[in-house]
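# A structural walkthrough
Here is what each chain is made of, one letter per residue.
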Amino acid sequence: MQHTSKKTTLALALLSGFSIFAGATAPAHAISLRDLLMGGPGKRDGGSQAGRGRDEAMPSERALADPEPLPKVSGPRYYTYKADAQRLVKTGGFAAAEPFRSISEAKVSSPSDIAQALESYYATASQPIWVSADDINEKARAVLALFERAGDYGLDPADYMLAAPTLTTASVEPAPTAEPVAAPATGPAETVAPVAAADAVPAATADAVEGDVPAADAAATAVAPDASSAPTATPIAGSEMPAAPAEQAAAPATDAAPVENAAPAQPEVPAVAQPEVQSAATVARQQELMQFELALSQKALLFAQDMVRGRVDPNRISGYHDLKRKAVDLTATLAAISQGEQASAYLEGLAPKSANFQSLKNELATLKAEAVNAGDDIVLPDTLLLKPGNSSTDLPQIVAVIEKKGSESLKSEHAATLTAYQKTPEYTPELVELVKSYQSEVGLKADGVIGAATLRKMAGHTPQDRIGKLVVAMEQARWMPDDLGQRYVFINQPAFRVYYHDHGAEQFSMRVVIGSKAHQTFFFNDQIQTVEFNPYWGVPQSIIINEMLPKLRQDPSYLDRTGYEVAVNGRVMPSSSVNWYGSTSNISVRQPPSSDNALGDLKILFPNAHAIYMHDTPSKSFFQRDMRALSHGCVRLAEPRKMAAAVLGVSERDVDAEIAAGKNVAEKVTANIPVYVSYFTAWPNKDGAVEYFDDVYDRDTAVEKAFDTTTKARSARS
């Protein structure tokens, strides 16, 4: 036992000694644990280390250690969208007296928050909202008509589809001349048009469901309870229907001539037969109407939520979306639509009211109304590279597109050129100027060279593509505040531009560089707080690990030579003295202010969980590119001093002076200036005209997939 203890003590001493050694700064020739266990480098090659020349230096720790995979830091990801879970509305606590006698049998499925609002309302309601005098009322018809127009607001009418019961009579007396016929083997005839199939829930299934169920398996909303439980069929008014057995037995007496004393015939026709049939018909009708009542209330609340906050939760789409979902007061909504006759107007009034949303809505209506003429398209070549002074037989089509799609001001400026052009192939200086103006107008570099980027802009997006972009844009506009404010900064990533607004109007805009597809810029809102002049660049851990670490393992002095500062646990030391084979969590790297600093002369901060901010850059050439998704996620500004002066409320000369002083200074932004780091492939410009952009990160596609999932979940049947 004592011998074993001594071995253990020795082993622990060796390991402790190595641990202490490893915790210190490790030179490139440090002895590894493997060396110790194998007797040291001198034992391995049989020679002494004394007198070894520089060319025969001891193998490095990296060469002696077991191969290690380089660590990686992964960015956010896109999710498989999951729609809201649904459950049955619990009707057990609803009022049982007239006019709600049958509502407890209604079967409606909905998200939990809507279900709770319905349960609270109908537990104390004294009158139905949508039913009056044994029929649906005009308020209900107006709301159903609004649902059919949901597409005008970028919503999907299929999400709110609900068929109304048809009006029937409660009369069950057969026509005097009708002959009795056998009852159909398939059961009693239906008296009303069924509620949409998407809302059907078998009664047995509904009775078995308790609490929340997954959206894909949720019992759906709104179908009348099975009328086959009624003892007899309910005839449609004016139709010939079979009589009940007792009525059939009494039929001869009904057709016979009247006699003076009819009393003896009474025992042959039970007095309770006719009232029993009428009662069954009335109950069936009430069940249908109460099913519709509850289903329409559920659809109205769903529509209200969608109008205010959108159909999908952006934070379930990807880790790049960070937007707080808006709350909708469902109790207040139910109270508002239950009072008066203007429920439809109230629901329609929930749409966003901003000028931006209205421009998107108007553009959508215009595109839907346009008649597309098959022969109206101008055919452009698939590929073309036409430089000034050259010629091309495709030039007439190029000029025709500019004449068709260019602005009125552009066509007015170049009216003489357009009028004089005779469809010749020579690319003359006058045509070069025309093309440059068009390129500038559509956001391209105005160099007069007609290449792939210019052709894409000229071809544009198909009408159907534009409609899809508008629908997504209207959805995303609901994720943001309806009122962006009087003074704010708006970054639209697909446009590669940032816009500064003050006094409720755009003051200027400039080009930006955004994150590459591998390092995407997030979609979020924040508040500008600070402008830092002559900034340090604190290198993110993701860049240290993914990009610097491979170089540092090959060359530990790499950061020393390039002017970076390295600190371990806050203690500054040369990068060549750091053990780059351990964890980097306690290692910080920053680049001091300089002309080569990655942040340039300044950065504009709005602290957030994603380490995104606006900044200058020494890489000015990137702003000349048309596709500018090139950064690690931050937003690089083409004119950073102009933006800094605007948010600080000072002149650009003041900003120049701060930078020229050379000191690292942080200036607090005292004004309330929100910044919207947004993503819209369709968005109105300052004149209200909607512009379209490419889906740089394929986020529109992700939103459209979320739409499909949501609609399927809302229409799912158990």
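Before reading further, recall that the structure is shown in the block above.
The present account deals with the structure reproduced in this document. Given the structure is predicted, the values throughout are model-derived calculations rather than measurements. (Residues numbered from 1 in each chain as written. Predicted model: local features only at pLDDT ≥ 70, side-chain atom pairs only at ≥ 80, totals over all residues. Heavy atoms only, no water.)

### Focus on the overall build of the chain
Looking only at helices and strands, the chain features 23 helices and 23 strands. Residue burial in the chain is summarised as follows: out of 718 residues, 43% are buried. Here the analysis covers contacts within the chain between residues at least 6 apart in sequence; of these, 73% occur between residues at least 24 apart. Approximately 36300 Å² of the chain is accessible, and the part contributed by carbon and sulfur atoms is 53%. (Helix = DSSP H or I, 4+ residues; strand = E, 2+ residues; numbered from the N terminus. Buried < 20%, exposed > 50% of the residue type's maximum accessible area, 1.4 Å probe, protein only. Contact = heavy atoms within 4.5 Å. Areas by Shrake-Rupley, 256 points an atom, 1.4 Å probe, with all protein chains shown as cover.)

### Digging into the packing of helix H18 (residues 463-479) against helix H23 (residues 699-714)
Think of two packed helices as two axes; the pair is described by the angle between the axes and how far apart they sit. Closest axis-to-axis distance for the H18/H23 pair is 10 Å, and the angle between their directions is 80°. On the basis of their axis angle, the class for H18 and H23 is roughly perpendicular. Only Asp700, Val703, Glu704 and Phe707 of H23 make contact with H18, whose side of the interface consists of Gly468, Lys469, Val471, Val472, Glu475, Gln476 and Trp479. (Axes fitted to C-alpha atoms, helices over the stretch in contact; angles between N-to-C directions. Parallel < 35°, antiparallel > 145°, perpendicular 65-115°, else oblique.)

### What to know about the environment of Arg714
Within the element layout of this structure, Arg714 appears in helix H23. When its relative accessible area of 12% is taken as the criterion, Arg714 is described as buried. Between the alpha carbons of Arg714 and Asp159 there is a distance of 6.6 Å; along the sequence they are 555 residues apart.

### Structural notes on the nonpolar core
Buried together is how nonpolar side chains tend to be arranged in soluble globular proteins. One finds Val489, Ile528, Met614, Met643 and Val647 to be the most contacted residues of the largest nonpolar core, which totals 72 residues. In terms of residue count, the dominant contributor to this core is H18 (8 residues). In this structure, Ile528 is in contact with Val489, Ile604, Leu605, Phe606, Met614, Val647, Val669, Ile673 and Val675, ignoring residues within four places of it in sequence. The next biggest cluster of nonpolar side chains, apart from the first, holds 46 residues, and it includes Ile103, Ala106, Val108 and Leu289. (Core = buried A, V, L, I, M, F, W, Y, C linked by side-chain atoms within 4.5 Å.)

### Focus on the sheet that holds strand E13 (residues 565-568)
The 4 strands are arranged E12-E15-E13-E14 in an open sheet whose pairing can be described as antiparallel. If you trace the sheet from one side to the other, it starts and ends with strand E12 (537-538) and strand E14 (571-572), each paired once. Two elements, E12 and strand E15 (residues 587-591), share 2 bridges in a ladder whose sense is antiparallel. When the sheet's bridge partners are listed, Trp537 is paired in E15 with Gln591. (Pairing = 2+ DSSP bridges.)

### A look at unusual backbone geometry
Even without a glycine there, the phi angle at Phe496 is positive, about 55°. By the secondary structure assignment, Phe496 is in the loop between strand E7 (488-492) and strand E8 (497-502). Residue classification places Phe496 among the buried residues on the basis of a relative accessible area of 7%. A positive phi angle is found at Ala611, which is not glycine, with a value near 55°. Inspection of the secondary structure assignment puts Ala611 in the loop between strand E16 (602-605) and strand E17 (614-615).

### Digging into the side chain of Ser318
With respect to the helices and strands, Ser318 occurs in the loop between helix H9 (273-309) and strand E6 (321-322). A relative accessible area of 1% means that Ser318 is categorised as buried. Looking at Ser318, its side chain comes within polar contact range of the main-chain nitrogen of Tyr320, at 2.9 Å. Within polar-contact distance, the side chain of Ser318 engages the side chain of His321 at 2.7 Å. (Polar contact = N/O pair within 3.5 Å; in protein donor to acceptor, adjacent residues only side chain to side chain.)

### Concerning the pattern of salt bridges
Evaluated as defined, the whole model comprises 19 salt bridges. Of the charged contacts in the structure, one is a salt bridge between Glu119 and Arg87, with a shortest N-O distance of 2.7 Å. Of this pair, Glu119 sits in helix H5 (residues 112-122) while Arg87 is found in strand E1 (residues 86-88), placing the two residues 32 residues apart along the sequence. Residue class for Glu119 comes out buried when judged on its relative accessible area of 17%. Between Asp698 and Lys517 there is a salt bridge, and its shortest N-O distance comes to 2.6 Å. Of this pair, Asp698 sits in the loop between strand E23 (690-692) and H23 while Lys517 sits in the loop between strand E9 (505-515) and strand E10 (523-527), and the two are 181 residues apart along the sequence. A relative accessible area of 36% means that Asp698 is categorised as partly exposed. For Lys517, a relative accessible area of 46% puts it in the partly exposed group. Through salt bridges with shared partners, one network takes in Asp134, Asp135, Glu138, Arg141 and Arg285. (Salt bridge = Lys/Arg side-chain N within 4 Å of Asp/Glu carboxyl O.)

### A short note on helix H10 (residues 330-338)
Those residues of H10 not exposed but buried are Leu330, Thr333, Leu334 and Ile337. Summarising the axial view, the buried residues of H10 lie within an arc of 95°, below the 170-degree limit, and thus occupy one face. Two or three places before Thr331, at the opening of H10, Asp329 has a side-chain oxygen 3.3 Å from that residue's backbone nitrogen. Within two residues after H10, Gly340 carries a phi angle of roughly 75°, on the positive side. (Arc of directions from axis to C-beta.)

### A look at the packing of aromatic side chains
The description of an aromatic ring pair rests on the distance of the ring centres and on the angle between the ring planes. Evaluated as defined, the whole model comprises 19 aromatic pairs. Look at Phe523 and Phe680: their rings are 6.2 Å apart centre to centre, the planes differ by 70°, and that puts the pair in the edge-to-face class. With Phe523 in strand E10 and Phe680 in the loop between strand E21 (674-678) and strand E22 (682-684), this residue pair connects regions lying 157 residues apart in the sequence. Through successive ring pairs, a cluster of aromatic residues spans Trp479, Phe490, Tyr499, Phe523, Phe680 and Trp683. A cation over a ring is seen here: Arg311 above Phe707, with NZ or CZ 3.8 Å from the ring centre. (Phe/Tyr/Trp six-rings, centres within 6.5 Å; stacked < 30°, edge-to-face > 60°. Lys NZ or Arg CZ within 6 Å of the ring centre and 35° of its normal.)

### Observations regarding the side chain of Ser102
You can see Ser102 is positioned in the loop between E1 and strand E2 (109-111). Once residues lying within four places of it in the same chain are set aside, the contact partners of Ser102 are Val283, Gln286, Gln287 and Met290.

### A few points about the environment of Phe292
Inspection of the secondary structure puts Phe292 in helix H9. A relative accessible area of 0% places Phe292 in the buried class. Along the primary structure Phe292 and Ile136 are separated by 156 residues, whereas in three dimensions their C-alpha atoms are 8.5 Å apart. When neighbours within four sequence positions are excluded, Phe292 is seen to be in contact with Trp130, Ile136, Ala140, Leu144, Leu162, Ala163, Ala164 and Pro165.

### A closer look at the pairing of E16
The two faces of E16 match: Leu602 and Ile604 on one face and Lys603 and Leu605 on the other face are all buried. As judged from the 4 bridges shared by strand E11 (residues 530-533) and E16, these two strands associate in the antiparallel manner. Residue pairing in the sheet places Thr530 in a bridge with Leu605 of E16. Looking at chain direction, E16 and E17 are connected through 2 bridges and run antiparallel. The residue bridging Ile604 from the neighbouring strand is Met614, located in E17.

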